[in-house]
Amino acid sequence: MLVTAIEARPVRSLERVRVELEPGIVSVVGPNGVGKTNLVEALYFALTGRSFRTSDRRDLIPFGASLARAEATIRDEDGLERRLLASVSRTDGRRHLLDGSAADPATLARNRPPVAVFAPDRLSLVKGPPAERRAHLDGFVSARWPSRSELRKHFGQALAQRNALLARLARGYGNPADLGIWDAGLAESAAPLVAAREEAIAELAAPFAEAAAELGLEGGATLTYAPRAAGSAEEIRAGLEERREADIRLGRSSWGPHLDELKLETGGRSLRRYGSQGQQRAALLALLFAEREVLLAARLVTPLLLLDDVMSELDPGRRERLVGRLAGGGQALITAADEESLPGPALAAVVRMPPPQLASAAAA
Ligand SMILES: Nc1ncnc2c1ncn2[C@@H]1O[C@H](COP(=O)(O)OP(=O)(O)O)[C@@H](O)[C@H]1O
Ligand SMILES: [Mg+2]
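Residues numbered from 1 in each chain as written. Chains lettered and ligands numbered in written order. Predicted model: local features only at pLDDT ≥ 70, side-chain atom pairs only at ≥ 80, totals over all residues. Heavy atoms only, no water.

Peer 1: Looking at this model, I keep getting lost on the pattern of salt bridges. Mind explaining?
Peer 2: It is possible for side chains of opposite charge to pair when their charged atoms get near one another. Under the definition given, this model contains 28 salt bridges. Of the charged contacts, one joins Glu7 and Arg18 as a salt bridge, the two residues approaching to 2.6 Å between their closest N and O atoms. Residue Glu7 is located in strand β1 (residues 2–8), and its partner Arg18 is located in strand β2 (residues 17–20); the two are separated by 11 residues in the primary sequence. We note a salt bridge from Glu41 to Arg53, for which the minimum N-O separation is 2.9 Å. Separated by 12 residues along the polypeptide, Glu41 in helix α1 (residues 36–48) and Arg53 in the loop between α1 and β4 (67–75) bring together distant segments of the chain. Look at the salt bridges and you will find they share partners, linking Glu7, Arg9, Arg18, Glu20, Glu71 and Arg83 into a network. (Salt bridge = Lys/Arg side-chain N within 4 Å of Asp/Glu carboxyl O. Helix = DSSP H or I, 4+ residues; strand = E, 2+ residues; numbered from the N terminus.)

Take a look at the structure:
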């Protein structure tokens, strides 16, 4: 599955722009402020219905306007083309359409390649709270095993139900005996989620360490997931039962995969707490590359990696290695202020910004 074109019409400063994408690496080059990041954001928005820069999609609406819209063209293995269109409007809310029709998130996800973004302000994935890394890991689980994409949601629902009863019990209402059914429900949804995360990390750990060493963490780095609650549903249920009294006092579930940490470390120290900016950046890149390589090796899909402004932060040797990895397969979009910072393989397909704006008549 390949993304063959992206249209922003409009997204932020891009009024009507169309860029064709190649199967391999495409570089988007232009001076600061020209709209490169806006284009990357438009592509991510078209594919996922979200932005990686803001939680309020209305930020994508051009100043003084009332609508933002982005459309991606996807071509599958049989040459069949589909269109994913995301829009957000001040008056009509948001839409995410597949070939013009509304579709549920699972269907949308099946009809697009998995997409990951590196941007300087995404370091929060390494620096931020564990919840961000858990969400990211669960996102990878869905890309790696589409049949497991609902695990996180099911677990979240079971957790909310158990917590609702615990909150009532903490206030002196309800019957503690009713917790039995929610303990079982939570355990049954926790066990497969924890197992999927463990399997994912088992696949990612080695490629992560390798990419980290290559991209700037000379001392090496490790990726680990040590779940609180592991094992069978029955074992997890027993663990919940043991903590019942404490949970009732607290009014929430104090143990389970919703509190787990995905640890990124170098030299045995947390990169989140002690890593330099450069080490955190290298760790984020290494994680995204490891995921890409695992997905490529599983041959399920052609992952798309969006690398916004990564070159300016790397020395020439690391630029070469990074682009060398990208050239190994999959699609990538790289933005850079100038071509001089781009190694040879990244120059095969270059889009100069600003691209010609589409004539109004051409874009319906
Ligand atoms: N909602 C918006 N409407 C119009 N312009 C915007 C909006 N948000 C940001 N911009 C403009 O987009 C430009 C920056 O684009 P950006 O993609 O970040 O540039 P680059 O990545 O090429 O440096 C700035 O001029 C900024 O004012
Ligand atoms: Mg930018």
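Peer 1: Explanation requested: unusual backbone geometry in the structure shown.
Peer 2: Apart from glycine, the bulk of residues carry a negative phi angle, and the bulk of peptide bonds sit in the trans form. The peptide bond linking Arg9 to Pro10 adopts the cis configuration, its omega dihedral lying at -5°. With respect to the element layout, Pro10 can be found in the loop between β1 and β2. Cis rather than trans, the peptide bond between Met353 and Pro354 has omega equal to 0°. As for its placement among the helices and strands, Pro354 is situated in the segment after β14 (350–352). For Arg12, which is not a glycine, the phi torsion comes out positive at approximately 50°. In this structure, Arg12 sits in the loop between β1 and β2.

Peer 1: Help me understand the site of ligand 1, please; the structure alone is not making it clear to me.
Peer 2: Taken together, 15 residues surround ligand 1, and among them Gly33, Lys36, Thr37, Asn38 and Ile61 come closest. At 2.7 Å from an oxygen atom of ligand 1 is found a main-chain nitrogen or oxygen belonging to Asn38. Measuring from a nitrogen atom of ligand 1, one finds a backbone N or O atom of Ile61 at 2.9 Å. Relative to its unbound accessible area of 580 Å², ligand 1 is 73% covered by the protein chains. When its residues are assigned to classes, the shell around ligand 1 shows five nonpolar, six polar and four charged. (Near = heavy atom within 4 Å. Polar contact = N/O pair within 3.5 Å; in protein donor to acceptor, adjacent residues only side chain to side chain. Areas by Shrake-Rupley, 256 points an atom, 1.4 Å probe, with all protein chains shown as cover. Nonpolar A, V, L, I, M, F, W, Y, C, P; charged D, E, K, R; others polar.)

Peer 1: For this particular structure, what's the right way to read the pairing of strand β6 (residues 93–98)?
Peer 2: Within a regular strand, side chains alternate between the sheet's two faces. Relative to β6, strand β5 (residues 81–89) runs antiparallel, the two sharing six bridges. Bridging across to β6, Leu85 finds its partner in Leu97. From the end of β5 to the start of β6, which pair antiparallel, there are three residues. Across two bridges, the pairing between β6 and strand β7 (residues 101–102) is antiparallel. The residue of β7 that forms the bridge with Leu98 is Ser101. Between β6 and β7, which pair antiparallel one after the other, the connecting turn spans two residues, and Asp99 there sits at a positive phi close to 50°. (Pairing = 2+ DSSP bridges.)

From the geometry alone we can't say anything about function, so treat these as descriptive.
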